[in-house]
Amino acid sequence: MSQGNRKLSPRQKMINLMYIVLTAMLALNVSSDVLDGFTQVQDGLMRTNESVDRRNSAIYAELEAFSAQNPEKGKVWYDKASKVRYESEALFSLVDSLKLAIVRKADGEDGNPADIQGRDDLEAASVIMLNPTTRNGAKLRERIEKYRTFVEQYVTDSAKRASIEAALNTEPFRRKGTAMAELWEESKFDNQPVVAAVTLLTKLQNDIRYAEGEALAYLLNQVDAGDVRVNELNAFVIPQSRMVMRGGRYTADIVLAAVDTTARPAIYINGKQLANTDGRYEISTGQTGSFDYSGYLEVPHGDGSVTRHPFSSSYVVMEPSATVSATMMNVLYAGIDNPISISVPGVPQNAVSATMTNGSLAKSGDHFVARPAKVGTEAVVTVTATIDGKAQTVNTTKFRVRKLPDPVAFISYAGANGVAERYKGGRPISKATLMGAKGIDAAIDDDMLNIDFKVLSFETVFFDSMGNAIPEVSNGALFSQRQLDSFRRLSRGKRFYISRIRAKGPDGVERVLNPVEVIVN
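What you are looking at is a predicted structure, and each value in this text was computed from that prediction instead of being measured.

Some words on the packing of helix H5 (residues 136–152) against helix H8 (residues 194–222)
So, step 1. Orientation of H5 relative to H8, taken along the N-to-C sense of each, is 20°, at an axis distance of 10 Å. For the element pair H5 / H8, the angle class is roughly parallel. Crossing hand, H5 versus H8: left-handed. Listed contacts from H8 to Leu140, Ile144, Tyr147 and Val151 of H5 are Leu201, Leu204, Ile208, Ala211, Glu212 and Ala215.
So, step 2. Looking at the contact of H5 with H8 residue by residue, the classes come out as nine nonpolar, no polar and one charged.

This is the structure in structure tokens:
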């Protein structure tokens, strides 16, 4: 939507020239042919005013239609155009009323500016325009000055502003050979025949229409002056996520992107300008987690201005993963903490929660801890993930709950390198190592579970030379003094047994463990 630069037409220039020539001829007191010339100029100016008014009305109608179609964009300019239209019509009507008053002063109440009878009347214009009581000439000058200031604010082109300034000039005028300058109204209407005064006012109306047209053209241009010019349209689908879980909702924005391939916007992310011009942002990821980024686009507009449009987004980096599970080994042990790893692909860990039946399930760092309560009853773990602000169940897994297996009793001692060793019987142990031990321990250490038990008591059974069993009772988990004395009397190759071993695990269950055969080396 644009309006080209409009200059005065050759016809308009000719009319202006004729007006100047006829004014000069009038000053020479030429015959009635001069008055006929003024009449012809008057008629030409009237036709020109009608033509310019139609053009101005078309521009105004275009602004009105656009405002109705797109009020958010067009109403502000239509409102300004309405003010220009109102002020122009008010001044135009004032000039019309002065023309009518001058003609009626010369021709009587039936006087008509379109058919002037007393064309050569030299007093009517002066009486109407220069009367110190009515001050019509001075008031007209003031209105012209006010209108000129008003309309110039809508015309930014310096050449057009200068043209309007010249057309609506009201500066005092000094004639050749005179010392004093005359007021604008005196120079225009003093001792002027009616036809000349009316023609001058019609010329003023022509200048008003010209100034109005320039202002309206400027406002029409401003409707899309700040628009971004585009030469390429593309349709894009922007999903919130390309991966959707069953029961979830797939959401995507379908947009029409308009770009100017000759003046692409500058893109800045985290303060640094993006190197490529197609708007693609790529970054290598070195660690997991949720990451935010922000930036802005600088978009050039048709009027030379640049606007900044901020944006922000985030992404989640996950470890590559696959799930492999042995369905026969879905087992939890009652009474102890069972670590469980729970994750949902595509969902950050802080948006994942889980519950469990037959016991408790709590989050601890990046994993969960399950503690089943009753042996023989299934524990069901239900996993919930918050996706797009909505919590939904994503997985349910059943576990069998079993009692902890019995531990193995052993004698702890320091090995050759000072490393703790466990003697579980069935092979020789040096007497010195045996004497250095404080008691026995019990634990499950089958490389899958590593759980210590508390030994409550045990017995050692020795055999005398007659084969009689001699039991000795421990001091809790420690060897008693009587047991240690028996160790000292043992000779190489002798053996004894540790039996009736009572131990309690973290599940609180007390159990009797298998005996340990000790061979003294």
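Some points on the sheet that holds strand E13 (residues 390–402)
So, step 1. As summarised here, the arrangement of the four strands in space is E7-E13-E12-E9, forming an open sheet in which the pairing is mixed. Taken across any chain shown, the strands that pair with only one partner, and hence form the sheet edges, are strand E7 (331–333) and strand E9 (352–356). Direction aside, the axes of adjacent strands within the sheet are offset by 35° on average.

Structural notes on the packing of aromatic side chains
So, step 1. All chains considered together, the criterion is met by 11 aromatic pairs.
So, step 2. Ring centres 5.5 Å apart and planes at 35° place the aromatic pair Tyr60 and Tyr78 in the tilted group. Residue Tyr60 is found in helix H2 (residues 32–69), and its partner Tyr78 is found in helix H3 (residues 71–107); the two are separated by 18 residues along the sequence.
So, step 3. When the centroid spacing of 6.4 Å and the interplanar angle of 90° are considered together, the rings of Phe463 and Tyr497 count as edge-to-face. Here the residue Phe463 occupies a position in strand E18 (residues 450–463), and Tyr497 occupies one in strand E20 (residues 495–504), the gap between them amounting to 34 residues.
So, step 4. Through successive ring pairs, a cluster of aromatic residues spans Phe458, Phe462, Phe479, Phe487 and Phe496.
So, step 5. Positioned above the aromatic ring of Tyr60, the side-chain terminus of Arg85 is 5.8 Å from the ring centre.

So, how was this worked out
- Counting of residues starts from 1 at the beginning of each chain's written sequence and follows it residue by residue.
- The predicted nature of this model means local features are confined to residues of pLDDT at least 70 and side-chain atom pairs, given and counted, to a pLDDT of 80 or more, with totals for whole chains, interfaces and linings taken over all residues.
- Heavy atoms throughout the structure, all of them, feed into the side-chain values; hydrogens and water do not.
- Simply put, an axis is a line fit to the C-alpha atoms, just over the touching stretch for a helix, and the angle between two N-to-C directions goes from 0 to 180 degrees.
- Numbering goes from the N terminus for both helices and strands, where a helix is a DSSP run of H or I of at least four residues and a strand is a run of E of at least two.
- With respect to orientation, any angle under 35 degrees is reported as roughly parallel, any angle over 145 as roughly antiparallel, any angle of 65 to 115 as roughly perpendicular, and every other angle as oblique.
- In this scheme the handedness of a crossing depends on how the near helix is turned from the far one: anticlockwise by less than a right angle means left-handed, clockwise means right-handed.
- Contacts are assigned to residue pairs that have any heavy atoms within 4.5 Å of one another.
- Under the scheme applied, nonpolar residues are Ala, Val, Leu, Ile, Met, Phe, Trp, Tyr, Cys and Pro; charged residues are Asp, Glu, Lys and Arg; polar residues are all the others, including Gly.
- When DSSP finds at least two bridges between two strands, those strands are taken to pair.
- Any Phe, Tyr or Trp ring, taking Trp's six-membered ring, that has another such ring centre within 6.5 Å forms a pair; planes under 30 degrees apart are called stacked, those over 60 apart edge-to-face, and the others tilted.
- In this scheme, the term charge over a ring applies when either NZ of a lysine or CZ of an arginine sits within 6 Å of the ring centre and within 35 degrees of the ring normal.

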